[in-house]
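# Understanding the architecture of this molecule
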Amino acid sequence: MTHDLTLQSRASVTHDTHHLRFKRPKDLSCTPGQAVDLSLMREGWSDQARPFTPVNGSEGDTLDFIIKSYPDHEGVTAQIATLQPGEKVQISDPWGAIHDAGPGTFIAGGAGITPFIAILRARLLREGALGGSTLIFSNKTEADIILRKEFEAMEGLETIWLVTDEANPGPGVQNEKIDRHFLRNHATAANAPFYICGPDAMVDDIEEMLISFGIAKSDIIREDFS
């Protein structure tokens, strides 16, 4: 089943990331962490569906997305960055394996943060705090960090900000990669489950490292597009 959405607003989140708010269809129910396939209802783009994750669950009258734009690719996200209120898109029913399995360690790369926005917001609303949860968020530069202030304000959530392409980031941000040396300090059963989302190669590498450190595969939650 598909659903037509009407854009209510588009606003900047970072220099290349946009918050899009649509009127929510009454018959759409979305579990935090699930994705939808989104198609633009523009000439020449309607058959170019791409997966995106709503950043709110089933509450409220809107369906919100935070989408990173890649103008150099001249693809769907570049088009999304030019959407105007009143334009329509089409989405599929929600799908996906990423879900809230309780407090744990959330590891995100770039736009892979989006399912965790939905999960952490929903749990904070439901429980009032996020004790026992850590967010490890890797980006190229400090300017790429999405919703940093919101995450830092979430009661009980420990945040670790990493950048890979900036030698001297600001206070509280580390110039470090999520490699075996870094991950060894976090890969313990006490920090499970481990949620991973980001570029495919990154997710595969982190899952392999976690398993090599003794983390059970059942304690690793990731999207499997195969």
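Residues numbered from 1 in each chain as written. Predicted model: local features only at pLDDT ≥ 70, side-chain atom pairs only at ≥ 80, totals over all residues. Heavy atoms only, no water.

## Some points on the overall build of the protein
Rules: Secondary structure elements follow DSSP: runs of H or I no shorter than four residues count as helices, runs of E no shorter than two count as strands, and numbering proceeds from the N terminus. C-alpha atoms define the radius of gyration, and 2.2 Å times the number of residues to the power 0.38 defines the globule rule. Here the term buried applies to any residue with accessible area under 20% of the maximum for its type, exposed to any over 50%, and partly exposed to those in between, with areas from a 1.4 Å probe on protein chains only. Contact criterion: two residues are considered in contact whenever any of their non-hydrogen atoms come within 4.5 Å of each other. Computed by Shrake-Rupley with a 1.4 Å probe, the accessible areas treat only the displayed protein chains as cover when residues are assessed.
Within the protein one finds 5 helices and 12 strands. Here the protein has a C-alpha radius of gyration of 17 Å; the compact-globule value for 226 residues is 17 Å, and the two agree. In terms of its C-alpha atoms, the protein occupies a principal-axis envelope of roughly 50 × 35 × 35 Å. Out of the 226 residues in the protein, the part that is buried amounts to 49%. Across the protein, the fraction of contacts at a sequence separation of at least 24, relative to all contacts at a separation of at least 6, is 68%. With an accessible surface of roughly 11,000 Å², the protein has 49% of that area assigned to carbon and sulfur atoms.

## Quick word on the side chain of His 3
The condition that has to hold: Nitrogen and oxygen atoms within 3.5 Å of one another constitute a polar contact, given that in protein one can donate a hydrogen and the other can accept it, and given that sequence-neighbouring residues count only through two side-chain atoms.
Relative to the elements of secondary structure, His 3 occurs in strand β1 (residues 2-14). Assessed through its relative accessible area of 4%, His 3 is described here as buried. Separated by 3.5 Å, the side chains of His 3 and Asp 27 make a polar contact. At 2.7 Å, the side chain of His 3 forms a polar contact with the side chain of Asp 93. In contact with His 3, other than residues within four places in its own chain, are Pro 25, Asp 27, Leu 28, Val 89, Gln 90, Ile 91, Ser 92 and Asp 93.

## Points about the pairing of strand β6 (residues 88-92)
The criterion, for reference: The criterion for strand pairing is that DSSP finds at least two bridges linking the strands in question.
Pairing geometry for β1 and β6, over 5 bridges, is antiparallel. Each bridged residue has a counterpart across the sheet, and for His 3 the counterpart in β6 is Ile 91. Sheet topology note: the strand β3 (residues 36-40)/β6 ladder contains 3 bridges and is antiparallel. Of the residues in β6, the one forming a bridge with Leu 40 is Val 89.

## Comments concerning the nonpolar core
Test applied: Here, nonpolar core means buried Ala, Val, Leu, Ile, Met, Phe, Trp, Tyr and Cys residues that are tied together by side-chain atoms lying within 4.5 Å of each other.
Grouped together as the largest cluster of nonpolar side chains are 25 residues, with contacts concentrated most on Ile 113, Phe 116, Leu 135, Phe 137 and Phe 151. Only β7 (105-109), α2 (114-127), β8 (133-139), β9 (157-163) and β11 (194-197) provide two or more residues apiece to this core. Of all the elements, α2 adds the most residues to this core, at 4 residues. Apart from the residues lying within four places of it in its own chain, the contact partners of Ile 113 are Ala 108, Leu 135, Phe 137, Ile 146 and Phe 151. Core analysis: the next-biggest nonpolar cluster, separate from the first, contains 19 residues, Phe 182, Ile 196, Ile 206 and Met 209 among them.

## A look at the sheet that holds strand β12 (residues 220-222)
Test applied: Lines fitted to C-alpha atoms define the axes, with helix axes restricted to the stretch in contact, and inter-axis angles between N-to-C directions lie between 0 and 180 degrees.
The strand order across the open sheet built from 6 strands is β10-β9-β8-β7-β11-β12, with neighbouring strands paired in parallel fashion. Each end of this open sheet is capped by a strand with a single partner; those strands are β10 (173-175) and β12. Direction aside, the axes of adjacent strands within the sheet are offset by 20° on average. Sheet topology note: the β7/β11 ladder contains 4 bridges and is parallel. Paired with Thr 105 across the bridge in β11 is Phe 194. Running at roughly 145° to β7, α2 makes contact with β7, β8, β9 and β11 of the sheet. Contacts from helix α5 (residues 200-212) reach β7, β11 and β12 within the one sheet, and its direction differs from that of β11 by about 155°.

## What to know about the packing of aromatic side chains
The cut-off we apply is this: Stacked, edge-to-face and tilted labels apply to pairs of Phe, Tyr and Trp rings (six-membered ring for Trp) whose centres lie within 6.5 Å, assigned for plane angles under 30 degrees, over 60, and everything in between, in that order.
The full count for this structure, using the stated rule, is 6 aromatic pairs. Cluster of aromatic residues (ring-pair linked, three or more members): Phe 106, Phe 116 and Tyr 195.

## A word on α5
One turn of an α-helix holds 3.6 residues; hence residues three or four places apart share an orientation. Basically, it comes down to this: For a helix, the expected span equals 1.5 Å multiplied by the residue count minus one. Think of it as the arc spanned by the lines of direction from the helix axis to the C-beta atoms.
Under the 1.5 Å per step criterion, the end-to-end length of α5 is 18 Å for 13 residues, consistent within 8% with the ideal 18 Å. Buried within α5 are the following residues: Met 202, Val 203, Ile 206, Glu 207, Met 209 and Leu 210. Summarising the axial view, the buried residues of α5 lie within an arc of 165°, below the 170-degree limit, and thus occupy one face. Relative to its buried face, α5 has exposed residues pointing more than 90 degrees away, namely Asp 200, Ala 201 and Glu 208. Looking at the residues trailing α5, positive phi occurs at Gly 214, about 100°.

## A short note on the layout of surface pockets
Basically, it comes down to this: Cavities and pockets were defined on a 1 Å grid built from protein atoms only: a cavity is a group of points that admits a 1.4 Å probe but offers it no way out, a pocket is an open group of points flanked by protein on both sides within 12 Å along at least five of seven lines, and a lining residue is one with an atom within 4 Å of any such point. Grid points are joined across faces, edges and corners, and a volume is the space filled by probe spheres set on the points. Following the grouping adopted for this structure description, the nonpolar residues are Ala, Val, Leu, Ile, Met, Phe, Trp, Tyr, Cys and Pro, the charged ones are Asp, Glu, Lys and Arg, and the polar ones are all others, Gly among them.
Here the largest pocket defines a volume of roughly 1,200 Å³. Lining the largest pocket are 46 residues, and of these Gly 109, Ala 111, Gly 112, Gly 198 and Pro 199 lie nearest its centre. The set of elements that each furnish at least two residues to the lining of the largest pocket consists of β4 (50-52), β5 (62-68), α1 (76-80), α2, β8, β11 and α5. Here the lining of the largest pocket gets 6 residues from one element, more than from any other, and that element is α5. Looking at the lining of the largest pocket residue by residue, the classes come out as 20 nonpolar, 15 polar and 11 charged.

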